[in-house]
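Summary of structural features
Each chain, written out:
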Amino acid sequence: MSTPASLPAPRTPEPSQAPPLRWAISSTGGIAASMADAIRRHTRQELVAVGSRSQGSADRFAAAWDIPRAYEGIDAMLADDAVDIVYIASPHSQHHADAMAALHAGKHVLVEKAFTQDAEQAREVLDTARAANLIALEAMWTRFLPGTDVIRQLLEGGALGEVTTVLADHGQWFAPDPSHRLFAPGLAGGALLDLGVYPLSFADFALPGEERELAATGDLTDTGVDRQVSMTLRSGAAYATLSTTLAARTPTTASISGTLARVELEPDFYQPTRITLVPRDGESASYDGGTIRGHQAMAYEAAHLAQLVADGASESPLLPPSATLRVMELLDQARRDVGVVYPGEGDR
Ligand SMILES: NC(=O)c1ccc[n+]([C@@H]2O[C@H](COP(=O)([O-])OP(=O)(O)OC[C@H]3O[C@@H](n4cnc5c(N)ncnc54)[C@H](OP(=O)(O)O)[C@@H]3O)[C@@H](O)[C@H]2O)c1
């Protein structure tokens, strides 16, 4: 890892330093396996249980990741007293129910992004956690990475001057498949909640203050979820231009520009490793750090939550509930603008 003198060193602890807590994983899909791998390789966290809709899938996952107890159904898993934290890795439509069940069972939760399918659900989860003295943390892994801490210090220290312009995109190509969760309205599919949440959360992190004004335009898939969305987000005199799509592999870069300097994030910006500070006048400097790369860097968010729980903290200073809720409200606004309504939403 090399950190040029003109860029701050990340203050992020190594994930292996966090005290070990006992984790359960709820759901056995793709990202659940990535998290199990990250935890096993880079932390001292204990994986003690896994829950799935089917016993067979829970058993296979437990065998693959050497997890002692496998349960059919989240309720059986939540009855396990030897669980401190539940990592929720189900489709967006299921996050609220899973998180509420875990909180009612007295467990802290790390909930995959997008946190819930809408802001109303997010508010209920966050309020429930607060009332129970438990932490409900959004697994927006970007926030907890060393590269993000470098940018955080540049922003806090005023190195960029007054931020005026944020650019970020996240597009991936997916073969249209009505049976895939990304295309399924019933599973809260669409580009925004899966991919667009990254540029939106990044912009919320980079823009000053808490005032946010969003306008979005886009189109839908044949199944009725958002296929491609372009957004502008304003905070005072600062603007973010953001895009997301399920139909093309876009550059997935980001930048934050201010009156004194800009910072550029190379692909994929949401797991920043190479970050370049380009001053208005003078030499550029780059940060090439992050020894843990790709999805294994999810270890940072797990370790961060374990440390918060061990410290008796009520929320994360890196991604507080207010920021999670604000991003969910912005996602709601963007969906309204492009005309995406999930089944049952209008009835509440
Ligand atoms: N952080 C990241 O980089 C990242 C990357 C990809 C996805 N994600 C997020 O992680 C979550 C899961 O994504 P994924 O890609 O892992 O999805 P996935 O591979 O489709 O897995 C989702 C799992 O959820 C469970 N599930 C519960 N109810 C379901 C239903 N009605 N239909 C289908 N599955 C259901 C299933 O596990 P059981 O059969 O065991 O119940 C399924 O394997 C989403 O919130 C997504 O946005 C994050």
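Owing to the predicted nature of the structure, the values given are computational and were not obtained by experimental measurement.

Structural notes on unusual backbone geometry
The peptide bond linking K113 to A114 adopts the cis configuration, its omega dihedral lying at -20 degrees. Position of A114 among the secondary structure elements: in the loop between β5 (108–112) and α5 (119–131). Looking along the chain, the bond that leaves P267 and enters D268 is cis, with omega of -15 degrees. Look at S27: it is not a glycine, yet its phi comes out positive at around 95 degrees. For S27, the position within the fold is in the loop between β1 (22–26) and α1 (30–42). Here S27 falls in the buried class, since 23 other C-beta atoms lie within 10 Å of it. Positioned with a positive phi, T252 is a non-glycine residue whose angle comes to about 50 degrees. Looking at the element boundaries, T252 is found in the loop between β10 (238–245) and β11 (254–258).

A few points about the pairing of β10
Each regular strand shows side chains that alternate between the opposite faces of the sheet. Across the 8 residues that make up β10, a large majority, 6, are buried. In this structure, strand β7 (residues 163–171) lies alongside β10, joined through 7 bridges in parallel fashion. Its bridge partner being in β10, A168 is matched across the sheet by L242. With 8 bridges connecting them, strand β9 (residues 226–235) and β10 associate as antiparallel partners. By the bridge assignment for β10, T232 is matched with T241. From the end of β9 to the start of β10, which pair antiparallel, there are 2 residues, and G236 there has a positive phi angle of about 60 degrees.

Things to note about the site of the ligand
Inspection of the region around the ligand gives 22 residues, with T28, G29, G30, I31 and S52 positioned closest. Where the shell around the ligand is concerned, the elements lending two or more residues are α1 and α4 (92–104). When residues of the shell around the ligand are assigned to their parent elements, the largest contribution, 3 residues, is made by α1. For the shell around the ligand, the per-class residue count stands at 6 nonpolar, 11 polar and 5 charged. Here the shell around the ligand spans two domains, and each of domain 1 (15–137) and domain 2 (145–291 + 321–347) adds at least three residues to it.

Regarding the nonpolar core
Counting residues in each nonpolar core, the largest one holds 114 residues, and the members touching the most others are I25, M35, L110, A136, A203, A302 and L331. For this core, the element with the highest residue contribution is helix α7 (residues 191–206), accounting for 11 residues. When residues of this core are assigned to domains, at least three fall in each of domain 1 (15–137) and domain 2 (145–291 + 321–347).

Here's the deal with the environment of R335
In this fold, R335 is placed in helix α9 (residues 321–338). A C-alpha to C-alpha distance of 9.7 Å links R335 and D118, two positions 217 residues apart in sequence. If we skip the residues at most four places from it in the chain, R335 touches L192, D226 and V340.

Let's talk about the sheet that holds β7
One open sheet holds the 8 strands; their spatial order is β8-β9-β10-β7-β11-β12-β13-β14, and the pairing between them is mixed. Looking along the sheet, the strands with just one partner apiece sit at the ends: β8 (213–220) and β14 (285–288). On average, adjacent strands in this sheet sit at an angle of 10 degrees to one another, irrespective of strand direction. Two strands pair when backbone bridges link them, and strand β13 (residues 274–279) and β14 are joined in this way by 4 bridges, in the antiparallel orientation. Note that in β14 the partner of T276 across the bridge is S286. Most of the contacts of helix α6 (residues 146–156) go to β13, to which it runs at about 20 degrees, and overall it touches β12 (261–265), β13 and β14.

Some thoughts on the sheet that holds β1
Spatially, β3-β2-β1-β4-β5-β6 is the arrangement adopted by the 6 strands of the open sheet, whose pairing is parallel. Edge positions in the sheet fall to β3 (69–72) and β6 (136–139), since each of these pairs with one other strand and no more. Strand-to-strand twist of the sheet, defined as the mean angle between neighbouring strand axes without regard to direction, takes the value 20 degrees. Relative to strand β2 (residues 46–52), β1 runs parallel, the two being bridged by 5 bridges. By the bridge assignment for β2, A24 is matched with A49. Docked against the sheet, α4 engages β1, β4 (85–88), β5 and β6, running at close to 170 degrees with respect to β5. In the packing of helix α8 (residues 299–311) onto the sheet, contacts are made with β4, β5 and β6, and the angle to β5 comes to roughly 160 degrees.

Definitions and cut-offs
Residues numbered from 1 in each chain as written. Predicted model: local features only at pLDDT ≥ 70, side-chain atom pairs only at ≥ 80, totals over all residues. Helix = DSSP H or I, 4+ residues; strand = E, 2+ residues; numbered from the N terminus. Buried ≥ 20, exposed ≤ 12 C-beta atoms within 10 Å, placed from the backbone. Pairing = 2+ DSSP bridges. Near = placed C-beta within 6 Å. Nonpolar A, V, L, I, M, F, W, Y, C, P; charged D, E, K, R; others polar. Domains from an automatic or database assignment. Core = buried A, V, L, I, M, F, W, Y, C linked by C-beta atoms within 7 Å. Contact = placed C-beta atoms within 7 Å. Axes fitted to C-alpha atoms, helices over the stretch in contact; angles between N-to-C directions.

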